[in-house]
Amino acid sequence: MIKEITLQLVPQYSDSEARSIAILLMCNITGLSYTELLVHTPSLNEEQEEELRKNIERLKKNEPLQYVLGETIFYGRRFKCDQRALIPRPETEELTDWIINDVSNDGNIRILDIGCGSGCIAITLSKEIKNSTVTALDISKEAISLTEENCKINNCQVECINDDIFNFSDAQYDIIVSNPPYICDNEAADIESNVIDYEPHLALFVPDNSPLKFYEKITEYAARNLRSRGKLYFEINRKYGKEMQLLLEKFGFINIELRKDISNNDRMIKGEKR
């Protein structure tokens, strides 16, 4: 069965990719592990065969595998994944790991995740940082509903709020983190079709004439609402590392640190409130 699926996917994927996807599809449909699949050759019932056929067709149309499977793994945890929010990326995992390793677990820590999407950052921080109280904010009702579902899946208490950062009320936090939209409209032509055709544009794009629109507002908000020595973390467009450093300086942040991702691109930045 895995060989048959692989052959159907090979025109679109390399042999190794197609085989890996075939295994994931079979594990997802049968509920078996990879090891169990190797030991047993499961026969699919009519309903499973139809699901497999539909999934293969979706993949042939370039739909992301995570949406087809309906889930992804982030920081070792399972997250429901669909078109209500962006697919969590490895770079976002790097940002989350940076925050976790930065935090001292002394006392209660209040965290705000702005533009939470699937909830992957908020939920991971809530699970990994003891004595933390986490709020997840998103302008999209659909994204908030997905975050709430992922909270249940991961047995996690996160306050989920459907609101716009441009209108959000003031409150005191120790950490504010955001992975806001940062791809300029003029970059859309360079984005792969499986992203541009399926992932929510609301979470992807910013106007060409205002590439730091959300960063400016969030930095302004953080400057008012972070406690002394509180930290602001961003995932950023690799083209705007220097501009982001200047932006944080403009709002009085200190100990600013720009970091590269695993691909050696400027991808995340941190600033500390005086």
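Residues numbered from 1 in each chain as written. Predicted model: local features only at pLDDT ≥ 70, side-chain atom pairs only at ≥ 80, totals over all residues. Heavy atoms only, no water.

**Q** How do you make sense of the pattern of salt bridges when you look at a structure like this?
**A** Should the charged atoms of two oppositely charged side chains come close, the side chains can pair. Evaluated as defined, the whole model comprises 19 salt bridges. Between Glu50 and Lys54 there is a salt bridge, with its nearest N and O atoms 4.0 Å apart. Of this pair, Glu50 and Lys54 both sit in helix α4 (residues 46-60), separated by 4 residues, roughly a single helical turn. When its relative accessible area of 32% is taken as the criterion, Glu50 is described as partly exposed. For Lys54, a relative accessible area of 46% corresponds to the partly exposed category. Two residues, Lys80 and Glu149, come together in a salt bridge whose shortest N-O distance is 2.9 Å. With a gap of 69 residues between them, Lys80 in strand β2 (residues 77-80) and Glu149 in helix α8 (residues 141-153) connect regions that are remote in the sequence. Looking at Lys80, the relative accessible area reads 31%, which means it is partly exposed. Assessed through its relative accessible area of 27%, Glu149 is described here as partly exposed. (Salt bridge = Lys/Arg side-chain N within 4 Å of Asp/Glu carboxyl O. Helix = DSSP H or I, 4+ residues; strand = E, 2+ residues; numbered from the N terminus. Buried < 20%, exposed > 50% of the residue type's maximum accessible area, 1.4 Å probe, protein only.)

**Q** How do you make sense of the nonpolar core when you look at a structure like this?
**A** If you look at the biggest cluster of nonpolar residues, it comprises 31 residues, and the most contacted ones within it are Ile176, Phe234 and Met244. Broken down by secondary-structure element, the contributors of at least two residues to this core are β3 (109-114), β6 (173-178), β7 (183-184), β8 (205-206), α10 (213-225), β9 (226-235) and α11 (241-250). Element by element, the count of residues in this core is highest for α10, at 5 residues. Once you skip the residues sitting within four places of it in the chain, Phe234 turns out to touch Leu95, Ser178, Pro180, Tyr215, Ile218, Thr219, Met244, Leu248, Arg267, Met268 and Ile269. One finds Ile99, Cys120, Ala122 and Val158 within the second-largest nonpolar core, a separate group that totals 26 residues. (Core = buried A, V, L, I, M, F, W, Y, C linked by side-chain atoms within 4.5 Å. Contact = heavy atoms within 4.5 Å.)

**Q** Whenever I open this one, α10 confuses me. Can you help?
**A** Residues spaced three or four apart along an α-helix point in a common direction, a consequence of the helix completing one turn every 3.6 residues. Taking 1.5 Å per residue, 13 residues should reach 18 Å; α10 reaches 19 Å between its end C-alpha atoms and fits that length. Of the positions making up α10, those classed as buried are Phe214, Tyr215, Lys217, Ile218, Thr219, Tyr221, Ala222 and Asn225. Elements in contact with the buried residues of α10: β3, β6, β8, β9 and α11. (Expected span 1.5 Å × (residues − 1).)

**Q** Which parts of the structure should I look at to understand the sheet that holds strand β11 (residues 266-272)?
**A** Whenever strands of a sheet pair, they do so through backbone hydrogen bonds, lying parallel or antiparallel. Taken in spatial order, the 7 strands line up as β5-β4-β3-β6-β9-β11-β10 in an open sheet, and their pairing is mixed. In this open sheet, the two strands that pair with only one neighbour each are β5 (159-162) and β10 (254-260). Adjacent strand axes in the sheet meet at a mean angle of 15° when their direction is disregarded. Both β6 and β9 contribute to a ladder of 5 bridges, which runs parallel. Considered in β9, the bridge of Ile176 is made with Leu232. Of the strands in this sheet, β3, β4 (132-138) and β6 touch helix α7 (residues 120-128), which is tilted by about 175° from β4. Where α8 meets the sheet, its contacts fall on β4 and β5, and the angle it forms with β5 comes to roughly 170°. (Pairing = 2+ DSSP bridges. Axes fitted to C-alpha atoms, helices over the stretch in contact; angles between N-to-C directions.)

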